[in-house]
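If you want the building blocks of each chain, they are given just below.
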Amino acid sequence: MSADRNRETLSALLDGEASELEARRLLRDMNEEDGQQLSRWQLASDVLQGHAVSAVPADFAASLCGQLDAQESVRPAWVARLGQVAVAASVAAATVFGWQYMDTSPASTPMVATGEAPFARALAEAELVSRDFQRSPVVQARPATLAVSELQPLLVRHSQFAAEHGGQSLVPLARLVSLDANRDAEE
Amino acid sequence: MMQRLSRTAGSLCVVLALMAPRLATADSATALLERMPQAMADSAWRGRLVYLRGADMSTLEVLHALFDGKTHERLIHLDGAHAELIRRGDDLICLHPKGGVTRLDSGAASLNPLALSGRVSLPLPPEYQLVARGADRVAGIETQQLSLVPADGWRYGYQLWLADDSGMLLKSEVLDSKGQVLERMEFVALDTDVTLSTTDFASPAGAEETVLAPVEAPTFVGRQVTLDAQWLPPGFAPVDGDTRLAAGEPVTARSYTDGLATFTVFAEPASDAREGVRINQMGPTLAVSAYMPVPPAGFDITLVGEVPPATAEKVLAGLNLVLESGVD
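Below you will find a few notes about this structure. (Residues numbered from 1 in each chain as written. Chains lettered and ligands numbered in written order. Predicted model: local features only at pLDDT ≥ 70, side-chain atom pairs only at ≥ 80, totals over all residues. Heavy atoms only, no water.)

### Remarks on the nonpolar core
Core analysis: the largest hydrophobic core is formed by 90 residues, its most contacted members being Leu49, Leu75, Phe263, Val265, Ile301 and Leu321 of chain B. Per-element accounting of this core gives the leading share, eight residues, to helix 9 (residues 170–181) of chain A. Not counting residues up to four positions away in its chain, the partners in contact with Val265 of chain B are Leu227, Thr252, Ala253, Arg254, Tyr256, Ile301, Thr302, Leu303, Val315 and Leu319 of chain B. Residues Leu63, Phe67, Val101 and Phe201 of chain B belong to the second largest nonpolar core, which totals ten residues. (Core = buried A, V, L, I, M, F, W, Y, C linked by side-chain atoms within 4.5 Å. Buried < 20%, exposed > 50% of the residue type's maximum accessible area, 1.4 Å probe, protein only. Helix = DSSP H or I, 4+ residues; strand = E, 2+ residues; numbered from the N terminus. Contact = heavy atoms within 4.5 Å.)

Here's what the structure looks like:
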């Protein structure tokens, strides 16, 4: 299989023009280079279509994930993945909120709790945060779990909004009742 | 991160493309989808459905009717613990397994111009590719199966089975970026030849109630806020919001949707400063909470919604809080 032929099939796949057989073959034979090519084209497509591209540095979470991977964990794989995301978020949040605290004037009314600039600054410095984290021998605490019982009032309100606006009116309500009935198992 | 998102979106495109060999004839599939939110809304019907999320499976009885122009629905959990939900227009009542009740009453007015009275239905954004997968049967009813393939990694994918004649949603799946089903809802029986009355949707008597009452004006100086997301995934827009009292504190909510996926951001005065992030993933529903210090105190900010973790993370990072300046 030539590289040119693979690229043609990748392009067809993104355009929705690849046949099922071609797609299956490509999936089977896809290597890392093909995956990166597909990713680049998807990104280009996003840009051309005016989709927002992320301002978060590419390695924002990567180094944190590496730290987490190094930890011994007895958690199931999906919990571990969540933990990685959450720790990345926790670093962003801590930085952001720290900036907020320092930048906010208690006398101003109405008071805007920082907003874009400190958040953006925190994101821009996320790479630095990651490096600091990498250097630090301190093991980041695992994210705590939000109890369903604590979430319940928020889930009720979110479900009502989702039922009204999400287009699948019954599904959010069924989700809420099922979660409530199985709450003990969740916790 | 963007590369990973693009890659995962690409993977989902591939997976769903394999499952969906032909593109929709746009008009028929779009028309069917547009009918979905209001399908069978004016009719009375009773049905049974199964809901699957991970290892949890629930069987629910569903009653639906329209009285005085208000949608009435009742969902009863049939297996395991007893739980119910009654919806009467904008009022929502949840009966919890241990006997408690949470009541969400509609307010006379809302501070938010996009509140319940002024709600809008968003058209499906171009961030989803609609694919028709052909005919199928659900609960003995002829349906058309549609796939909604996300064009980016900021949202999940959907598979919907809509009744041929009414457009009613009879089966639904939410898929992650790898094509794994996170949640499935499927009717197993539907009876449209029923007569229902308002007593079928009556509130339970004698239960201990928690009322999440709406706050009609900015009365909690320093403790009530307005939420503003500086960044939203493409296609998402704010559609609703309110402030309600919970345990005596004002909890502000703002909800966002792209027409299918919805997430809501909440802000409530925090009793203690917390460090780090707390999370819970319940099928497609993610909850992420973090403490935001805002002098003189701080707020717990929580995002609840059916979006991937990366979306929640970026929305929270771009969130603005404005303290209300009303009078006590």
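### Notes on the packing of aromatic side chains
Residue and element names in this part refer to chain B. Scanning all chains against the criterion turns up six aromatic pairs over all chains. Measuring from centroid to centroid gives 4.8 Å for Trp154 and Trp231, while their planes differ by 65°, and the two rings are edge-to-face. One end of the pair, Trp154, is in the loop between strand 8 (141–150) and strand 9 (157–163); the other, Trp231, is in the loop between strand 13 (225–229) and strand 14 (237–246), and 77 residues separate them in sequence. With a relative accessible area of 1%, Trp154 lands in the buried category. Here Trp231 falls in the buried class, since its relative accessible area comes to 13%. Seen in terms of ring centroids, Phe236 and Phe263 are 5.3 Å apart; in terms of plane orientation they differ by 40°. Their pairing is tilted. Taken together, the positions of Phe236 in the loop between strand 13 and strand 14 and Phe263 in strand 16 (residues 262–269) put the pair 27 residues apart, joining distant regions of the chain. Residue Phe236 shares its accessibility class with Phe263, and that shared class is buried. (Phe/Tyr/Trp six-rings, centres within 6.5 Å; stacked < 30°, edge-to-face > 60°.)

### Examining empty space enclosed by the protein
Scanning the model with the defined rule gives five cavities of 30 Å³ or more in all. In this structure, the second largest cavity occupies an estimated 90 Å³ of space. If you trace the second largest cavity, you find it lined by Ala162, Gly166, Gln168, Pro172 and Arg175 of chain A together with Tyr158, Val174, Leu260, Thr262, Pro284 and Glu306 of chain B. For the lining of the second largest cavity, the residue count by class is six nonpolar, three polar and two charged. (1 Å grid on protein atoms, 1.4 Å probe; cavity = no way out; pocket = protein on both sides within 12 Å on 5 of 7 lines; lining within 4 Å. Points joined across faces, edges and corners; volume = space filled by probe spheres on them. Nonpolar A, V, L, I, M, F, W, Y, C, P; charged D, E, K, R; others polar.)

### Details of the sheet that holds strand 1 (residues 45–53) of chain B
Residue and element names in this part refer to chain B. The mixed open sheet is built from twelve strands, whose spatial order is 7-8-9-10-11-1-2-3-4-5-6-12. Pairing within the sheet leaves two strands with one partner each, and these edge strands are strand 7 (128–138) and strand 12 (209–211). For this sheet, the mean angle separating the axes of adjacent strands, direction not counted, is 15°. As judged from the three bridges shared by strand 6 (residues 101–104) and strand 12, these two strands associate in the parallel manner. Paired with Arg103 across the bridge in strand 12 is Val211. (Pairing = 2+ DSSP bridges. Axes fitted to C-alpha atoms, helices over the stretch in contact; angles between N-to-C directions.)

### Details of the environment of Ser147 of chain B
Residues and elements named next belong to chain B. Inspection of the secondary structure assignment puts Ser147 in strand 8. In this structure, the C-alpha to C-alpha distance between Ser147 and Tyr128, residues 19 residues apart in sequence, is 9.2 Å. Among residues more than four places away in sequence, those in contact with Ser147 are Gln129, Leu130, Val131, Arg133, Tyr158 and Gln159. Of the polar contacts made by the side chain of Ser147, one reaches the side chain of Gln159; its length is 2.8 Å. (Polar contact = N/O pair within 3.5 Å; in protein donor to acceptor, adjacent residues only side chain to side chain.)

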